[in-house]
Amino acid sequence: MARTMKAAIPDRSADAEVDVSMTVNGEAVSRSVSVRMLLSDFLRHELRLTGTHVGCEHGVCGCCTVLLNGRAGRSCLTLAVQANGYDIRTIESVASADGTLHPVQQAFKECHGLQCGYCTPGMVMNIVARFEEPGKLDLTDEGIRDLLSGNLCRCTGYLNIIAAVRRAAELLGRA
Amino acid sequence: MSTRQFGARVERNIDPKLLRGEGAFVDDIPLPDALHVAFLRSPHARARIVSIDASAAKRHPGVAAIYTSDDIGTLDVEMPLLIPHPSMKNPKTQRPLARGDVHYVGQTVAMVVAVDRYTAEDAAALIEVEYEPLPLEMDLAKALTDDAPLVHADVPNNLAAHFIQTSGNPDDAFARAEHVTKITVQVDRSTAAPMECRAVAARWDAVSGELTVWDGTQAPISVRGGLASVFELDEDKVRVIAPDVGGGFGQKVLLFYPDELLVPMAAMRLGRPVKYIEDRRENFLGSSQERTQIHTIELAALRTGEVIGLRDFFLHDTGAFIPYGIAVAQVASTSIAGPYRIPNIFVEFKAVYTPTVQVTPYRGCGRPQACFALERAMDQLAEELGLDRFEIRRRNLIAEKEFPYEREGLLFADGLKVTLDSGQYGKALAMAAAELGAESFAAEQAKARAEGRYLGLGLACYVEGTGLGPYEGGHVKIHPITGKVYVNTGLSTQGQGHDTVFAQIVADQLGVSPQDVIVVEGDTKAFDWGVATFASRAAVVSGNAIHKTALTVRKKVIEAAANMLDVDPDQIELRDSAAWVKGSNRFAPLAAIATASNPLRYAFNKAAQAATQFARASKHDGPPLADGQAPGLEATDYYSPSQSTWAYGVHGAIIEVDPGLCTVKIRKYVCIHDCGNMINPMIVEGQVLGGIAQGIGGALYEHLDYQADGNLANASLMDFLVPYATEIPNVSILHLETPTPLNPLGVKGVGEAGCIAVGAVVASGVEDALRPFGALKFHQVPLSPNMISYALETAGY
């Protein structure tokens, strides 16, 4: 196929921009972004933190779950500008700097709690958030199912994820 | 001795990366200056395009290009028919962008390329298209009538394919029958819904003339061949990479989707990387679906319950196009007799065009439909003959001594005669009965009924032809520096753990740990002979290819090590990444053997010194590489199966139905399955559990709700109900391992197994639970609360 350079290709949209500042994984970040940019796109494409995945963009699947001021939330239903001033944590912050897995991640590996791995970061963030809440965890079958009820997985059939939650509780001394 | 890795529950090599968020899915790959694609899609199921005006969209700030069918040059042709078959008279495939007519809601009409996806979607909304809506028919049976509106003007009666297969003498069997039972059943339209939607990115390097395409596909090598052909580029100038892929389940094996051609085209024309990241709505409106079949099945039986004949006629909904041929319907028709002898079979299907998204294989590929038809008919036959549901199956299952069991006249999806190769069908049924507590269930059921609770036992058997050809390859090489083993095959992986199971196979032959085996696939620059990941074939076809190759490399290692250590080859054993002289401390590391097997000029490290020209170990007569010898420890080999190998299983459940709320609760789910030798039982169980969860979705929840006007009313995960953890019960899996005699590893495929029987199990259990209300029939899945309510109302409840 012939190579032809057409007229100059534009390099930006006409969107109004807004300055946003937040703390992401312990680092202060500031960017000027489109007023309508989703937090998920901000994290993935502005900050290149691509571990946060996008599965539905309508808040059902939970792939895009991150922690906003310590609480699990959907980054696909949050505008970047709404997160201004927030403390955000993504999957990239969970393992140690040397790559050692967090006990929740370790439990997923031991229990075969992931297959394609696409939903996994959102699952892990949701579970980490719940484990960081004070108080007793409900580790009954029903309790763990309830804990996971905001995250879809199409590969595993969930049972190994349920086992991973229980194993993580053991590893963290929360069982 | 090293522990045997084949058969061990080895944790997966790929997991740490995925768990840390370091996976590289298509949209994670940094492509500086990339432009983004959005499609304008048809809002009509059938319409003629009167005009398209993209002028306002072209003027929209941030838009780089807009393409309609007029603007795509030689790509404006029908895309390939992948699997031709004589049963198709006038097979239709779609064009990348609609020309003239549109045939389903969601069909691509125009493509926008812009600086970001937000802008591209804005511009798509500015394209003015005038449509002249055309009449349409959504009902399969009505679509076949003479006066039905047509999906394609030149395909009479919307008949896409018509095919009959016969085994034995069914007419004679029905003439001899002492009892005939007949039912009509239906399985509804569904979709794979992988968590990562489809995605394609392309970069054209004008300097080198190379096109690189990242495609979340199950078939990178096939996509590469197709792109080279379409763009008239040398194969070597097209590199297709399927990086990490977020689930596939068949939906991603089809090629081409429009974007797979148009994105590379735009990248070449615009000189900038271009990306298309499908969103969830588009996945519902544009990516392949499956399942709708309506079977009318008859069983001819003796009074003993022995089934001597089967007749099945079914309608198969192929959507608006048939790019994958009749594969789904053919697999259904050849799986129709399941694990039973049934020596006389007549099976006929008509594939029907409907103005909906095209149908191509989704996990199961016709098997769930065939299983649902057959198993519901077996239940009905048992009831009519007054036999227990386990007993009637026991009397018909193929016995171990009858293998190989041929179904003369039935050709499977690989074009070869159906031949069930091995299994312990009767034992699997007995195990299911024991695990379910079938013997004591009647008492339990009676007790529950007395308390106003309605329990039922559901049961179904299935077979799965797996490991289709034509072939796959394996390449195994020992790295001279690290001693690690590098393995390639021509597949791509979507979560099945290829990198671990293939490593286990190699580890056993070369005496290394699976963690030291690096498996690279899904990249045509790494290995480009092979076909694709589909039909539960990876472990069987690539697994055996890699095994054969590893045996060759093992032989080379042992010969080279014997030479280095100055002993006979039979004195060498391989373990701990080294070759050892048996019963001694003498050894040579694999890295050193690999280095020494590669005559060197330059001594870049200590091990390499031994391989240079003046080193003592390099002394030889003749040239450094003897004639016919290759450097290093490396081999490539292939495996081409003589036929498919047939896995099977028995599923059962204890189900509770609340007749007030019309809800179904699975109290206990039991799965007995046999996929031959298991390479990694942990991964096998993961595949089976995932399949069962998808099966539960198909049995109770997942139904694409097409309206009479062809619009899909539930094109979101909010409305199309994929099960959460809250919908999936605990499952008890018991394994049988009957090695197949057909391949060296004795393995059968397992990818699709889990989903096949679930619909039949659930319907069987619900019927059994509601028996006190009369002989209610459940012949359709997903089995909704509405259906239960209607059945109860009809029975006067």
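Undergrad: Explain the packing of aromatic side chains here, please?
TA: What describes a pair of aromatic rings is the distance from one ring centre to the other and the angle between the planes of the rings. All names here are of chain B. By the definition in use, this model includes 13 aromatic pairs over all chains. A ring pair is formed by Phe 163 and Phe 349, whose centres lie 6.0 Å apart and whose planes are at 65°; its orientation type is edge-to-face. On the criterion of sequence distance, the pair formed by Phe 163 in strand 7 (residues 159-167) and Phe 349 in strand 15 (residues 345-353) is long-range, its members being 186 residues apart. Phe 349 matches Phe 163 in its accessibility class, with the two residues each being buried. Ring plane angle 50° and centroid distance 4.9 Å describe the contact between Phe 412 and Trp 646, whose orientation is recorded as tilted. Here Trp 646 lies in strand 26 (residues 645-658) and Phe 412 lies in the loop between strand 16 (405-411) and strand 17 (417-420), a separation of 234 residues in the sequence.

Undergrad: Got a minute to help me understand empty space enclosed by the protein in this structure?
TA: Where empty space is left in the structure can be found by rolling a water-sized probe over the atoms. Residue and element names in this part refer to chain B. Evaluated as defined, the whole model comprises eight cavities of 30 Å³ or more. Computed from the structure, the largest cavity encloses a volume of approximately 180 Å³. If you trace the largest cavity, you find 18 residues lining it, with Val 187, Arg 291, Pro 368, Gly 698 and Ala 699 closest to the centre. Elements with a contribution of two residues or more to the lining of the largest cavity: helix 10 (367-385), helix 18 (681-701), helix 19 (753-756) and helix 20 (758-769). Ranked by residues supplied to the lining of the largest cavity, first place goes to helix 18 with four residues.

Undergrad: Honestly, the sheet that holds strand 20 (residues 485-488) of chain B in this entry has me stumped. Any pointers?
TA: Note on sheets: strands pair through backbone hydrogen bonds, and any given pair is parallel or antiparallel. All names here are of chain B. Strand order in the open sheet formed by four strands is 21-20-19-25, with mixed pairing between adjacent strands. Of all the strands in the sheet, the pair left with one neighbour each is strand 21 (517-520) and strand 25 (634-639). Taken over all neighbouring pairs, the strand axes of this sheet differ in orientation by 20° on average, direction set aside. As defined by bridge partners, strand 19 (residues 472-478) adjoins strand 20 across four bridges and the pair is classed as antiparallel. When the sheet's bridge partners are listed, His 475 is paired in strand 20 with Asn 488. Of the strands in this sheet, strand 19, strand 20 and strand 21 touch helix 14 (residues 498-510), which is tilted by about 135° from strand 21.

Undergrad: Whenever I open this one, the side chain of B:Arg376 confuses me. Can you help?
TA: Residue and element names in this part refer to chain B. Relative to the helices and strands, Arg 376 is located in helix 10. There is a polar contact of 2.8 Å between the side chain of Arg 376 and the side chain of Asp 379. Within the structure, Arg 376 has its side chain in polar contact with the backbone oxygen of Phe 778 (distance 3.0 Å). With near-sequence residues (within four places) excluded, Arg 376 lies in contact with Ile 183, Val 185, Cys 371, Ala 760, Ala 763, Ser 764, Glu 767, Phe 778 and His 779.

Undergrad: Explain unusual backbone geometry here, please?
TA: When glycine is set aside, most residues are seen to have a negative phi, and most peptide bonds are trans. Residue and element names in this part refer to chain B. Note that the residue after Leu 255, namely Phe 256, is joined by a cis bond; omega there is -5°. Mapped onto the secondary structure, Phe 256 falls in the loop between strand 11 (238-241) and helix 7 (258-270). With an omega dihedral of -5°, the bond running from Phe 403 to Pro 404 counts as a cis peptide bond. Within the fold, Pro 404 resides in the loop between helix 11 (389-396) and strand 16. You will see that Ala 193, though not glycine, has its phi angle at about 50°, which is positive. By secondary structure assignment, the location of Ala 193 is in the loop between strand 8 (179-187) and strand 9 (199-205).

Undergrad: Hey, could you run me through the pattern of salt bridges in this one?
TA: Side chains bearing opposite charge may pair, as long as their charged atoms lie close to each other. Residue and element names in this part refer to chain B. For the structure on display, the rule yields 62 salt bridges over all chains. In this structure, the salt-bridge partner of Arg 176 is Asp 172, at a minimum N-O distance of 3.2 Å. Here the residue Arg 176 and the residue Asp 172 both occupy positions in helix 5 (residues 170-176), the gap between them amounting to four residues, near one helical turn. The exposure class of Asp 172 is partly exposed, given its relative accessible area of 36%. The structure contains a network of salt bridges with shared partners spanning Arg 41, Arg 117, Glu 121, Asp 279 and Glu 282.

Undergrad: Teacher, can you tell me more about the domain arrangement of chain A here?
TA: Accessible area lost upon the coming together of the parts is a frequently used measure of interface size. Residue and element names in this part refer to chain A. Partitioning chain A into domains gives domain 1 (17-93) and domain 2 (103-171). If you look at the interface, domain 1 gives 16 residues, while domain 2 gives 15 residues. For the pair domain 1 and domain 2, the two sides together bury roughly 1200 Å², of which 59% comes from carbon and sulfur. Together, His 53, Cys 63 and Ile 91 form the three largest contributors to the area buried by domain 1 at its contact with domain 2, with a combined 38%. Across the domain 1-domain 2 interface, the total number found is one salt bridge. Glu 132 is the salt-bridge partner of Arg 89, the closest N and O atoms lying 2.7 Å from each other. The interface formed by domain 1 and domain 2 holds six residue pairs in polar contact (both at pLDDT 80 or more) in total. Elements that contribute at least two residues to the side of domain 1 that touches domain 2 include exactly strand 3 (65-68) and strand 4 (71-74). Of the residues in the side of domain 1 that touches domain 2, the class split is seven nonpolar, seven polar and two charged.

Undergrad: Can you walk me through the packing of helix 10 of chain B against helix 11 of chain B in this structure?
TA: The description of two helices packed together rests on the angle between their axes and the distance between the axes. Residue and element names in this part refer to chain B. Remark: helix 10 packs on helix 11, axes separated minimally by 9 Å, with the N-to-C direction vectors making an angle of 110°. It follows that helix 10 is roughly perpendicular to helix 11 by the angle criterion. Helix 11 is crossed by helix 10, and the crossing has right-handed handedness. From helix 10, Glu 375, Met 378, Asp 379, Leu 381, Ala 382 and Leu 385 reach across to helix 11, where they touch Arg 389, Ile 392, Arg 393 and Asn 396.

Undergrad: Is there a simple way to explain the domain arrangement of chain B in this structure?
TA: Residues and elements named next belong to chain B. According to the domain assignment, chain B contains domain 1 (17-22 + 33-134 + 197-245 + 252-286), domain 2 (293-395 + 403-468 + 642-794) and domain 3 (469-639). Between the C-alpha centres of domain 1 and domain 3 there is a distance of 41 Å. At the junction of the two partners, domain 1 supplies 16 residues and domain 3 supplies 17 residues. When the two sides are added together, the surface that domain 1 and domain 3 hide from each other amounts to roughly 1300 Å², 48% of it contributed by carbon and sulfur. On the domain 1 side of the contact with domain 3, Gln 218, Ile 221 and Arg 239 bury the most area, a combined 44% of that side's loss.

Conventions adopted
Residues numbered from 1 in each chain as written. Chains lettered and ligands numbered in written order. Predicted model: local features only at pLDDT ≥ 70, side-chain atom pairs only at ≥ 80, totals over all residues. Heavy atoms only, no water. Phe/Tyr/Trp six-rings, centres within 6.5 Å; stacked < 30°, edge-to-face > 60°. Helix = DSSP H or I, 4+ residues; strand = E, 2+ residues; numbered from the N terminus. Buried < 20%, exposed > 50% of the residue type's maximum accessible area, 1.4 Å probe, protein only. 1 Å grid on protein atoms, 1.4 Å probe; cavity = no way out; pocket = protein on both sides within 12 Å on 5 of 7 lines; lining within 4 Å. Points joined across faces, edges and corners; volume = space filled by probe spheres on them. Pairing = 2+ DSSP bridges. Axes fitted to C-alpha atoms, helices over the stretch in contact; angles between N-to-C directions. Contact = heavy atoms within 4.5 Å. Polar contact = N/O pair within 3.5 Å; in protein donor to acceptor, adjacent residues only side chain to side chain. Salt bridge = Lys/Arg side-chain N within 4 Å of Asp/Glu carboxyl O. Domains from an automatic or database assignment. Buried area = accessible area lost by both parts, 1.4 Å probe. Nonpolar A, V, L, I, M, F, W, Y, C, P; charged D, E, K, R; others polar. Parallel < 35°, antiparallel > 145°, perpendicular 65-115°, else oblique. Left-handed = near helix turned anticlockwise from the far one by under 90°.

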